[in-house]
Amino acid sequence: MAALPTQPTIYDLSRGDIAAYLEGMPGYRVDQLWQGLYTDGVAVEDISTLPVKLRSELAEKLPPALAMELESISDRGDTVKWLWNLRGGAAIETVLMHYKDRSTVCISSQAGCAMACGFCATGQAGFDRHLTVGEIVEQVIRARRVAGDKRVSNIVFMGMGEPMANFDAVWESVERLHGDFGISARHLTISTVGLLPGIRLLAEAPLPVNLAVSLHAANDDLRNEMVPINKRYPIGDLLDACHEYFDKKGRRVSFEWALIDGVNDRDSDAHELAKLTHPLRAHVNLIPLNPTPGYLTQGTPPARVREFADLLTSLGVNATVRKNRGTDIDAACGQLRANSIAAEAAVTGSSGNTADSDGTVTNIKPPTTRSQR
Ligand code: SAH
């Protein structure tokens, strides 16, 4: 397990922390620094309103959290994935996706994940460590720098990790991204495997963010197999917590359903799913399973995906099929697994190559991948 960084990074500090740090200086310096960090989103060295000496001192004492190891580009530039090295040794991934009407950043909340869902690459690689507030927030800032004129409007906690298992840091990040970065609560989505205590905390928290629940199965027998934490928080209790969230926040919960051939794509699955989600007027996001190294079962074929979606619609469920983004650069749902990529890169001497257990090296990256520190 990697250690947490011993030194705070620049986005770890709250505005109050910054004020304390700059104590003795004129008060407007706090505003200038905060504006540079959040409104302009530039590196400390580039905050031209601050004296040069202060900039270099800040850069040394409060460094950035993320060092770019790899940038991968797909969908003709509409999907960009970064592999970042963190201070203290861990690695994570972030994905930026441009659509016609919006740009979304998919961020990680932990390095690795302890939830062990077998079909998810992050789960297959295991847990490394929680991320700090600075490491979470900086992912969005760095993505915005690249997005430029294509304004970042939506943030989803759907990268590596289980946000509800790192609730405090995630919540502080949400407040920062809402209040200081300027993303509205309805454009912020937290996705969870179904950790009830976290859903309940979120229901009590002041901002009405979107809650997404990775359901994938509508009965406990199947969900116990697919999502091991279901044994602790079974479907009945999970759905109760979702009803509570809907009642308290007035925001419809959405459910994610990775469609797996012959596993959870039968008519009976659609009927069970409809029964659970209909009373909540929930939205169901169908995601044809993306390939991962440790799970051999295939995704549902496209024709059956359509049938399954149509069946749900005929049962009164608001269901959509999520368009897959960045599968060629392993940037799609469930494909993020930075730790193993970084470890494999160390073995093969080059990022983006994987060494199979028999030593075969396969290049899994397209030629548009470039490496930059
Ligand atoms: N731990 C949180 C955040 C991860 S979000 C959660 O479980 O919600 C990533 C989403 O992709 C989750 O819905 C996850 O279940 C889904 N997913 C995981 N592996 C996948 C795969 N191979 N194909 C499609 N979706 C997958």
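Worth saying up front: this structure is predicted, and the values here are computed from it rather than measured. (Residues numbered from 1 in each chain as written. Predicted model: local features only at pLDDT ≥ 70, side-chain atom pairs only at ≥ 80, totals over all residues. Heavy atoms only, no water.)

Undergrad: So what's going on with the packing of aromatic side chains? Residues and values would help.
TA: Here the distance between the centres and the angle between the planes together describe a pair of aromatic rings. Within the structure shown, the criterion is met by 6 aromatic pairs. Ring centres of W257 and F308 lie 6.4 Å apart, and the angle between their planes is 25°; on these two criteria the pair is classed as stacked. A residue pair is termed long-range when its members are at least 10 positions apart, and W257 in strand β10 (residues 254–259) and F308 in helix α11 (residues 302–314) qualify at 51 residues. Judged by relative accessible area, which is 0%, W257 ranks as buried. (Phe/Tyr/Trp six-rings, centres within 6.5 Å; stacked < 30°, edge-to-face > 60°. Helix = DSSP H or I, 4+ residues; strand = E, 2+ residues; numbered from the N terminus. Buried < 20%, exposed > 50% of the residue type's maximum accessible area, 1.4 Å probe, protein only.)

Undergrad: Give a detailed account of the nonpolar core, specifying residues and quantitative values.
TA: Counting residues in hydrophobic clusters, the biggest one holds 117 residues, and the most contacted among them are F255 and L312. Shared between two domains, this core holds at least three residues of each, these being domain 1 (10–61) and domain 2 (67–348). (Core = buried A, V, L, I, M, F, W, Y, C linked by side-chain atoms within 4.5 Å. Domains from an automatic or database assignment.)

Undergrad: Quick rundown of the site of the ligand? Include the residues and the values.
TA: Within the structure, the ligand sits among 21 residues, and F119, S191, S214, H216 and N290 are positioned closest to it. S214 is positioned such that a nitrogen or oxygen atom in its side chain is 2.6 Å from an oxygen atom of the ligand. Note that an oxygen atom of the ligand is positioned 2.6 Å from one of the side-chain N or O atoms of H216. For the ligand, the accessible surface in isolation is 540 Å², of which the surrounding protein chains cover 95%. Considered class by class, the residues forming the shell around the ligand number 10 nonpolar, 9 polar and 2 charged. (Near = heavy atom within 4 Å. Polar contact = N/O pair within 3.5 Å; in protein donor to acceptor, adjacent residues only side chain to side chain. Areas by Shrake-Rupley, 256 points an atom, 1.4 Å probe, with all protein chains shown as cover. Nonpolar A, V, L, I, M, F, W, Y, C, P; charged D, E, K, R; others polar.)

Undergrad: Give a description of the domain arrangement of the protein chain that names residues and reports values.
TA: Under the domain assignment used here, the protein chain contains domain 1 (10–61) and domain 2 (67–348). At the interface, 13 residues of domain 1 touch 13 residues of domain 2. Interface area for domain 1 against domain 2, summed over the two sides, is near 940 Å², with a carbon-plus-sulfur share of 47%. Sorting the residues of domain 1 by area buried against domain 2 places Y11, D12 and Y38 first, and these three jointly supply 62% of that buried surface. Our enumeration of links across domain 1 and domain 2 arrives at 0 salt bridges. Grouping the amino acids of the side of domain 1 that touches domain 2 by side-chain chemistry returns 8 nonpolar, 3 polar and 2 charged. (Contact = heavy atoms within 4.5 Å. Buried area = accessible area lost by both parts, 1.4 Å probe. Salt bridge = Lys/Arg side-chain N within 4 Å of Asp/Glu carboxyl O.)

Undergrad: Now, about the pairing of strand β4 (residues 103–106): what can you tell me, with residues and values included?
TA: Residues S103 and V105 point to one face of β4 and T104 and C106 to the other, with burial holding for every one of them. Note: strand β3 (residues 91–98) against β4, 4 bridges, orientation antiparallel. Pairing of M97 across the sheet is with T104, part of β4. Where β3 hands over to β4, the hairpin turn is made up of 4 residues, counted between the paired strands. Summarising the sheet, β4 and strand β7 (residues 154–157) pair through 3 bridges and their orientation is parallel. In the strand pairing of β7, C106 is matched with V156. (Pairing = 2+ DSSP bridges.)

Undergrad: Describe the sheet that holds β4, naming the residues involved and giving the relevant values.
TA: Pairing is mixed across the open sheet formed by 10 strands, whose spatial order is β1-β2-β3-β4-β7-β8-β9-β10-β11-β12. Of all strands in the sheet, those with a lone pairing partner are β1 (66–74) and β12 (318–321), marking the two edges. Sheet twist, expressed as the average angle between the axes of neighbouring strands with direction ignored, equals 20°. Relative to strand β11 (residues 283–288), β10 runs parallel, the two being bridged by 6 bridges. Bridging from a neighbouring strand, L259 pairs with P288 of β11. In the packing of helix α6 (residues 167–179) onto the sheet, contacts are made with β7 and β8 (188–192), and the angle to β8 comes to roughly 165°. (Axes fitted to C-alpha atoms, helices over the stretch in contact; angles between N-to-C directions.)

Undergrad: Which residues make up the side chain of Q110, and what are the values?
TA: Structurally, Q110 can be placed in strand β5 (residues 110–112). A polar contact is formed between the side chain of Q110 and the side chain of H130, at a distance of 3.1 Å. Within the structure, the side chain of Q110 is placed 2.8 Å from the backbone nitrogen of E162, a separation counted as a polar contact. Excluding residues within four positions of it along the chain, Q110 makes contact with I92, F127, R129, H130, L131, M160, G161, E162, A165 and N166.

Undergrad: Explain the pairing of β7 to me, and be specific about the residues and the numbers.
TA: The side chains of a regular strand alternate between the sheet's two faces. Burial of β7 is two-sided: the residues N154 and V156 facing one way and the residues I155 and F157 facing the other way are all buried. Sheet topology places β7 next to β8; 3 bridges connect them, and they run parallel. The partner of I155 across the bridge, within β8, is L188. Chirality of the crossover, the property in question, places the unit of β7, α6 and β8 among those that are right-handed. (Right-handed = clockwise from strand over helix to strand, strands pointing away.)

Undergrad: Can you tell me about the pattern of salt bridges, naming the residues and giving the values?
TA: A side chain with one charge may pair with a side chain of the opposite charge, provided their charged atoms come close. Under the criterion given, the structure shown has 14 salt bridges. A salt bridge links E93 to K81; its shortest N-O distance comes to 3.1 Å. Taken together, the residues E93 in strand β3 and K81 in strand β2 (residues 79–86) connect sequence positions 12 residues apart. The burial state of E93 is the same as that of K81; both residues are buried. R176 is the salt-bridge partner of E172, the closest N and O atoms lying 3.0 Å from each other.

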